[in-house]
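Listed below are the residues making up each chain.
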Number of protein chains: 2
Amino acid sequence: MSKLMNIIRARRSTRAFRGELPPKEQILQLVEAAEWAPSGMGKFLWHFTVVYSADKSLKLARAVDAAMNRGPDYNFYGAPVNIIISYKRDERHALPDGAAAMENLLLMATELGLGSCWINQLRDCCDDPGVRALLTGYGVPEDHIVVCSAAIGYIDKETPAKPRRADVMTWTE
Amino acid sequence: MSKLMNIIRARRSTRAFRGELPPKEQILQLVEAAEWAPSGMGKFLWHFTVVYSADKSLKLARAVDAAMNRGPDYNFYGAPVNIIISYKRDERHALPDGAAAMENLLLMATELGLGSCWINQLRDCCDDPGVRALLTGYGVPEDHIVVCSAAIGYIDKETPAKPRRADVMTWTE
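The structure contained in this document is the topic of the report that follows. Everything quoted here is computed from the prediction, not taken from an experiment. (Residues numbered from 1 in each chain as written. Chains lettered and ligands numbered in written order. Predicted model: local features only at pLDDT ≥ 70, side-chain atom pairs only at ≥ 80, totals over all residues. Heavy atoms only, no water.)

## With respect to the interface of chain A and chain B
Right, on to step 1. Residue-level contacts link 63 residues of chain A with 63 residues of chain B.
Right, on to step 2. Of the roughly 6100 Å² buried where chain A meets chain B, counting both sides, 60% is carbon and sulfur surface.
Right, on to step 3. Where chain A meets chain B, there are six salt bridges.
Right, on to step 4. The residue Arg92 of chain A makes a salt bridge to Asp124 of chain B at a minimum N-O spacing of 2.2 Å.
Right, on to step 5. Taken together, the connections running from chain A to chain B amount to 43 residue pairs in polar contact (both at pLDDT 80 or more).
Right, on to step 6. Counting residues per element, the ones that place at least two in the side of chain A that touches chain B are helix H1 (3-10), helix H2 (24-35), strand S1 (46-52), helix H4 (94-111), helix H5 (121-125) and strand S5 (169-172) of chain A. (Contact = heavy atoms within 4.5 Å. Buried area = accessible area lost by both parts, 1.4 Å probe. Salt bridge = Lys/Arg side-chain N within 4 Å of Asp/Glu carboxyl O. Polar contact = N/O pair within 3.5 Å; in protein donor to acceptor, adjacent residues only side chain to side chain. Helix = DSSP H or I, 4+ residues; strand = E, 2+ residues; numbered from the N terminus.)

## Digging into the pattern of salt bridges
Right, on to step 1. The tally for this structure, following the rule as stated, stands at 16 salt bridges over all chains.
Right, on to step 2. A salt bridge links Lys24 of chain A to Glu173 of chain B; the nearest nitrogen and oxygen atoms lie 3.0 Å apart. Within this pair, whereas Lys24 of chain A is found in helix H2, its partner Glu173 of chain B is found in the segment after strand S5 (169-172), the two belonging to separate chains.
Right, on to step 3. When its relative accessible area of 38% is taken as the criterion, Lys24 of chain A is described as partly exposed.
Right, on to step 4. The closest approach of N and O atoms between Lys43 of chain B and Glu91 of chain B, which form a salt bridge, is 2.9 Å. With Lys43 of chain B in the loop between helix H2 (24-35) and strand S1 (46-52) and Glu91 of chain B in the loop between strand S2 (81-88) and helix H4 (94-111), the pair connects residues that are 48 residues apart, well separated along the chain. (Buried < 20%, exposed > 50% of the residue type's maximum accessible area, 1.4 Å probe, protein only.)

## Concerning the packing of aromatic side chains
Aromatic ring pairs are reported here in terms of the distance separating the ring centres and the angle at which the planes meet.
Residues and elements named next belong to chain A.
Right, on to step 1. Within this structure, the stated rule accounts for ten aromatic pairs over all chains.
Right, on to step 2. With centroids separated by 5.7 Å and ring planes inclined at 65°, the aromatic side chains of Phe44 and Trp46 adopt a geometry described as edge-to-face.
Right, on to step 3. Each residue in the set Phe44, Trp46, Phe48 and Tyr87 is aromatic and connected to the rest through ring pairs, giving one cluster. (Phe/Tyr/Trp six-rings, centres within 6.5 Å; stacked < 30°, edge-to-face > 60°.)

## Things to note about the relation of the copies chain A and chain B
Right, on to step 1. By a simple turn and slide, chain A fits onto chain B: the slide is 0.0 Å along the axis, the RMSD is 0.0 Å, and the turn is 180°. One copy is carried onto the other by what is essentially a two-fold rotation axis.
Right, on to step 2. In this assembly, 100% of the residues forming the interface of chain A have copies in chain B that are likewise at the interface, indicating an isologous arrangement. (Least-squares fit on C-alpha atoms with pLDDT ≥ 70 in both.)

## Brief notes about the nonpolar core
Soluble globular proteins tend to pack their nonpolar side chains together in the buried interior.
Right, on to step 1. Within the largest apolar cluster, 78 residues are counted, with the highest numbers of intra-cluster contacts made by Ile152 of chain A together with Ile152 of chain B.
Right, on to step 2. Setting aside chain neighbours within four positions, we find Ile152 of chain B in contact with Phe17, Ile27, Leu30, Ala79, Pro80, Val81, Ile83, Leu105, Ala109, Leu114, Gly115 and Ser116 of chain B. (Core = buried A, V, L, I, M, F, W, Y, C linked by side-chain atoms within 4.5 Å.)

## Some details on unusual backbone geometry
Residues and elements named next belong to chain B.
Right, on to step 1. At Tyr77, a position not held by glycine, the phi torsion is positive, near 60°.
Right, on to step 2. In this structure, Tyr77 sits in the loop between helix H3 (54-68) and S2.
Right, on to step 3. Tyr77 gets classed as partly exposed once you look at its relative accessible area, which sits at 32%.

## Structural notes on the environment of Asp167 of chain A
Right, on to step 1. Here Asp167 of chain A is to be found in the loop between strand S4 (144-153) and S5.
Right, on to step 2. Spatially, the C-alpha atoms of Asp167 of chain A and Arg70 of chain A are 35 Å apart, while their sequence positions differ by 97 residues.

## Notes on helix H1 (residues 3-10) of chain B
Right, on to step 1. Those residues of H1 of chain B not exposed but buried are Leu4, Met5, Ile7 and Ile8 of chain B. Seen along its axis, H1 of chain B keeps its buried residues to an arc of 160°; they face one direction.
Right, on to step 2. Elements in contact with the buried residues of H1 of chain B: H1, H2 and H4 of chain A together with H4 of chain B. (Arc of directions from axis to C-beta.)

## Remarks on the packing of H2 of chain A against H1 of chain B
A pair of packed helices is captured by two measures, namely the crossing angle of their axes and the spacing between those axes.
Right, on to step 1. Their axes nearest at 9 Å, the elements H2 of chain A and H1 of chain B cross at an angle of 25°. It follows from the interaxial angle that H2 of chain A and H1 of chain B lie roughly parallel. Like other packed secondary-structure pairs, H2 of chain A and H1 of chain B cross with a definite hand, here left-handed. Residue-level contacts link Gln29, Glu32 and Ala33 of chain A of H2 of chain A to Met5, Ile8 and Arg9 of chain B of H1 of chain B.
Right, on to step 2. Looking at side-chain class alone, the contact of H2 of chain A with H1 of chain B contains three nonpolar, one polar and two charged residues. (Axes fitted to C-alpha atoms, helices over the stretch in contact; angles between N-to-C directions. Parallel < 35°, antiparallel > 145°, perpendicular 65-115°, else oblique. Left-handed = near helix turned anticlockwise from the far one by under 90°. Nonpolar A, V, L, I, M, F, W, Y, C, P; charged D, E, K, R; others polar.)

## Details of the packing of H4 of chain A against H4 of chain B
Right, on to step 1. Taken N-terminus to C-terminus, the directions of H4 of chain A and H4 of chain B make an angle of 55°; their axes are 8 Å apart at the nearest point. Classed by the angle they form, the pair H4 of chain A and H4 of chain B counts as oblique. In the packing of H4 of chain A onto H4 of chain B, the handedness of the crossing is right-handed. Counting all contacts with H4 of chain A, which are made through Leu95, Pro96, Ala99, Ala100, Glu103, Asn104 and Leu107 of chain A, the residues of H4 of chain B involved are Leu95, Pro96, Ala99, Ala100, Glu103, Asn104 and Leu107 of chain B.
Right, on to step 2. When its residues are assigned to classes, the contact of H4 of chain A with H4 of chain B shows ten nonpolar, two polar and two charged.

Structure below.
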């Protein structure tokens, strides 16, 4: 199997992280990978906000819980790092561009041996006042929506692969 | 630079393809890579429709032109293969899931030395009757929307890298 296919197939949604921070150098590589994703019409109107702090990550999780009633255990799976992908509001390519960037970021985390989990809740609650105040404090531009975020850290518990569905391809020639 | 970062940074939007069909085996690898993308809530409600024919690809491009008035040169850059990523209609994660799958597909094409270009037009016109009739004939499920498609083939003319914007990251700790 090719090197890339191995990485693609090895990526998992980590749901239990250890508390230690990975090296900053590795986190910067994740952002670099994300930046090299394609962007519709070459707009690249995204922003990457790195929360490199277990305390600040937990504070954000608590605000998401307050906005969406996710329950007291909602904590981004204990990840000490979160990377928020935001995009200029009202841009047609916001979701696809942000998602492509996220996939690059997750693959790079996999290659580096870091755990990662794609988090969708901030897409739903980024305009809640309590959440937005934190986002703004952390550096998310005020005219941006959040597309998604990634929980990042060392893996505490491995996640098994989810089987893929059969019959997802049609071939015509 | 890591192997993966090299692939991520080498991916380009090819805009001039040669006419020959790449081996089927390689096209199947692209779909396999796409299938191993993450999917929100583990739904995986996507479908991959491979159009492995220069004639059928051109016919689809002509239908898109008819629907959107793109002009007589609109031909998916002459790519003999197109892979259509569709997703069950009215699903919240359709765009991000489809885009993550697309990014895997494009990276795999890059590793294999194939050219690729992310095409957005089918997202806009997949419900045009002329376009939809072709899509259905090629195998796109009738209850799906098209998220995007990829033009695939051998590269006729290299594309230079687009510079990335500076100041797209904020770091807080």
